Amino acid sequence: MEEYLENSRCLASLAVFKELYDNKKDIYAVISEFIIETIKLKTIYQFNLTEIASLVNNIFDFDIPEAVIKTALKRIKSITKTKGSYIVDSTCNSKLNDDVSTKLTNTKQRNDLIFSKLFSFIEKLKSIQLTIDDKSNIKKSLCSYILDESIEDEYSKFISAFIVQCQGDKFLSNQLNDIKEGVVLYTGLKYNSDISKIGNWDTNLTIYIDTEILFHLAGYNSSLYKDLFDEFYKLVNEINTNSINKTGKEKIHLLYFGEVKDEIERFFNKAEYIVEGKETPDPSREAMRSIVNGCKSASDVVLKKSNFYNLLKNHGIKEENEKDFYNKDNYEYNIEGKELLEHLQNLYSTKKNDYDISRNIKFLNYINIFRKGESNTSFENIGTILLTGNSATIKIAWDDSIKKNGNVPLATTLGFITNKLWFRLGKGLGSTGNTYPKSFEIVTKAQIVLSTQINNSVSEKYDNLQEEYKKGKINKDIATTALLNLRSQVKTPENINGENLNDVLD
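An account of the accompanying structure is given in this report. (Residues numbered from 1 in each chain as written. Predicted model: local features only at pLDDT ≥ 70, side-chain atom pairs only at ≥ 80, totals over all residues. Heavy atoms only, no water.)

**Focus on the nonpolar core**
Residues F34, I35, I52, I69 and L73 are the most contacted members of the largest nonpolar core, which totals 81 residues. Looking at which element gives the most residues to this core, the answer is helix α19 (residues 442-470), with 9 residues. Once you skip the residues sitting within four places of it in the chain, F34 turns out to touch S13, V16, F17, L20, V56, F60, F62 and V100. Formed by 72 residues, the second largest nonpolar core is a distinct cluster that contains V236, I385, A411 and W422. (Core = buried A, V, L, I, M, F, W, Y, C linked by side-chain atoms within 4.5 Å. Buried < 20%, exposed > 50% of the residue type's maximum accessible area, 1.4 Å probe, protein only. Helix = DSSP H or I, 4+ residues; strand = E, 2+ residues; numbered from the N terminus. Contact = heavy atoms within 4.5 Å.)

Now the structure itself:
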C-alpha cells in the first residue's frame, strides 16, 4: 500500500472510479475495467479468484470483496472459467482496452499538480523548505485525509486551508471533488458486498445518537451542521417509509442513551445559570450561544428545552430504555478494561489534565455489547452503531486496539453513515440524476476541521482564563476584555473562507 500512496496511485484510482461511474457504467462494469487493467499490467493468462482479487486490491489500493470481483469477472467476455480457474484468451490479451490505464496516467498528472501546489502552499505558510521526507508524509496525510482515515495530524490544518483556498481554482477544486466522490462510491462498495441488493435496505439498524448530533438537528451548532443532519435523516426517512409500506415496520431506529439525556439536561441547566448571570458561557460552544441568545429569563431556556425534546420526538428519536449493560452475560463483550482505559487515556486526551475518556469508551462499550463483539460484517448487518460528533470518540473507535482491520467501527460520523445509506439506496450509481449531499464535498470537511481546531483552541484558552481569574492573577476588567476577544475568534464552518484563512490559521 505504501508504494501506491507514495505515487498517488490510490487517489488516482479513486478519481478514475468516479469518472467511470460518470460514463454511466454499472458497478460491475467499472470493476471489470480495473480487472482488465490488472491482467494487462501483470501479463496474466490464468488465475484463481483469490489471486486476481489480491492483485486488483494491491495495485489500485482498493479493498474490494472477492464476491464483487467474482461477479465482475463474468462481464469480461475474453475470460472463461474452467474447474475453478479463470483463463484469459491469449489472442486478445494484448487487445484489451487501455481505458483505465490512460485515465490513471492523466489523473496522476493532475494529482501531481495538486501535490506540487500543496507543497508550495505549506512552504509559504511555514516559511520553510520541505524535505523529501516532509513531502512524502504530506502525500500520505492528504491520502488519509481524503479517505477519512484520520481526524487530524500535524498537516491536517494546512491541508484543510489549502482545500478551502482551492475553491477559487476551478481545476483544483474539480479534481479534489472527483477524488472525494470516488471515495464515496468506493467506500460504499467496500462495506456492501452484496451489490444485488442496492436500491433496498432490508435489515434492522439501531443508530444511537450522541449529544452534538442531536444539537445539529436543532440547528444549535450552525446551519451547515443542520444541513448535514437533514441529509442523513432524509435517507433514514426514505428507508423507513419504504419499509413501512412493505412490512408495516421501520428498519432504522434512532435512539439516545440515558447518559446523553443527562448531558442534555446539564447543558440546559447551565444555560439557565448563564441567563441568570451566575456563569459565563464558554465562547467555543456554539450550541450554548444559540440556546441563551434571545432568552431573558430561565423560563425562556426551559421553553427552548421543551421545544428541543418535542423536536426529537417528532423525528422519532427516543431515549433508550434502561438496560443492564454490565450483567454477567455481557462480560465477554466488555471492552472497558483498566489497561485499555489507561492506554487510550494517554493517546487521546485532548487536554493535559482534565479530559476523562471513560465517557467515550462507555458508549463504544455499549455498542460492542449490542453487537455481541461481532463487527466483522457488512455495514447493513452490524445491527447497532453510535453516531457521534465527538472527535475523541471517533479516534478511539478507529484505534487498532478496538477496531480490527476490515471491521465496521463501533462509532461513525454523519459523513460516513450518510455515505453508506446513500450508496445502499443506489443514489450515486449511473444516471440517477441525484446530486451529492453536502457532506460529500471535500471543502465541507475542510471547513469543519478548521472550525473544530479553532474552537478547541478557544476552549482551552477559556479554561486558562477562568483559572487565572479564580487565582486572582487577572482582574474582572481584563478577564472580560479577554473573553470578548475569544468570542470574536470563534468560527462556524460556513464562516471559514479564502478571505479569512490567515486569521483562521493564526
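**Observations regarding the packing of aromatic side chains**
By the definition in use, this model includes 26 aromatic pairs. A ring pair is formed by W422 and F440, whose centres lie 5.8 Å apart and whose planes are at 90°; its orientation type is edge-to-face. Taken together, the residues W422 in helix α18 (residues 414-424) and F440 in the loop between α18 and α19 connect sequence positions 18 residues apart. Site record: aromatic cluster; members linked through ring pairs are Y208, F257, F325, Y326, F363, Y366 and F370. The ring of F416 carries K420 above its face, with NZ or CZ at 3.7 Å from the centroid. Across the ring face of Y145, the terminal group of K445 is positioned such that the distance to the ring centre comes to 4.3 Å. (Phe/Tyr/Trp six-rings, centres within 6.5 Å; stacked < 30°, edge-to-face > 60°. Lys NZ or Arg CZ within 6 Å of the ring centre and 35° of its normal.)

**Side note on the sheet that holds strand β5 (residues 252-256)**
Ordered in space as β6-β5-β4-β7-β8, the 5 strands form an open sheet in which the pairing is parallel. Among the strands making up the open sheet, the edge pair consists of β6 (317-319) and β8 (411-412). Contacting β4 (205-209), β5 and β6, helix α12 (residues 258-275) crosses the sheet at an angle of about 50° to β5. (Pairing = 2+ DSSP bridges. Axes fitted to C-alpha atoms, helices over the stretch in contact; angles between N-to-C directions.)

**Remarks on the environment of T50**
Here T50 shows up in helix α4 (residues 49-60). When the C-alpha atoms of T50 and K70 are compared, they prove to be 9.4 Å apart, with 20 residues separating the residues in sequence. Here the side chain of T50 touches E66 through a polar contact of 3.2 Å, side chain to side chain. (Polar contact = N/O pair within 3.5 Å; in protein donor to acceptor, adjacent residues only side chain to side chain.)

**Re helix α10 (residues 211-218)**
One full turn of an α-helix is made of 3.6 residues, so residues set three or four places apart face in the same direction. The buried count for α10 comes to 6 of 8 residues, which makes it a mostly enclosed element. Of all the positions in α10, only T211, I213, L214, F215, H216 and L217 are classed as buried. The first or second residue beyond α10 is G219, which carries a positive phi of 80°.

**Description of α12**
With 18 residues, α12 extends 26 Å from end C-alpha to end C-alpha; this agrees with the ideal 26 Å at 1.5 Å per step. Taken together, the buried positions of α12 are occupied by V260, I264, F267, F268, A271, E272 and I274. Buried positions in α12, seen along its axis, are confined to an arc of 165° and lie on one side of it. Packing partners of the buried residues in α12 comprise β4, α10, β5, α13 (286-292), α14 (298-314) and α16 (358-371). Looking at the residues trailing α12, positive phi occurs at G277, about 80°. (Expected span 1.5 Å × (residues − 1). Arc of directions from axis to C-beta.)

**A short note on the pattern of salt bridges**
Summed over all chains, the structure comprises 14 salt bridges. Between D227 and K438 there is a salt bridge whose closest N-O contact spans 3.2 Å. A residue pair is termed long-range when its members are at least 10 positions apart, and D227 in helix α11 (residues 223-247) and K438 in the loop between α18 and α19 qualify at 211 residues. Taking relative accessible area as the criterion, D227 reaches 30% and is therefore assigned partly exposed. Judged by relative accessible area, K438 falls into the partly exposed class, the value being 30%. For E380, the salt bridge identified is with R424, shortest N-O distance 3.2 Å. In this pair, E380 sits in the loop between α16 and β7 (384-387) while R424 sits in helix α18, placing the two residues 44 residues apart along the sequence. One exposure class covers both E380 and R424, and it is buried. (Salt bridge = Lys/Arg side-chain N within 4 Å of Asp/Glu carboxyl O.)

The analysis is restricted to geometry; functional conclusions fall outside its scope.
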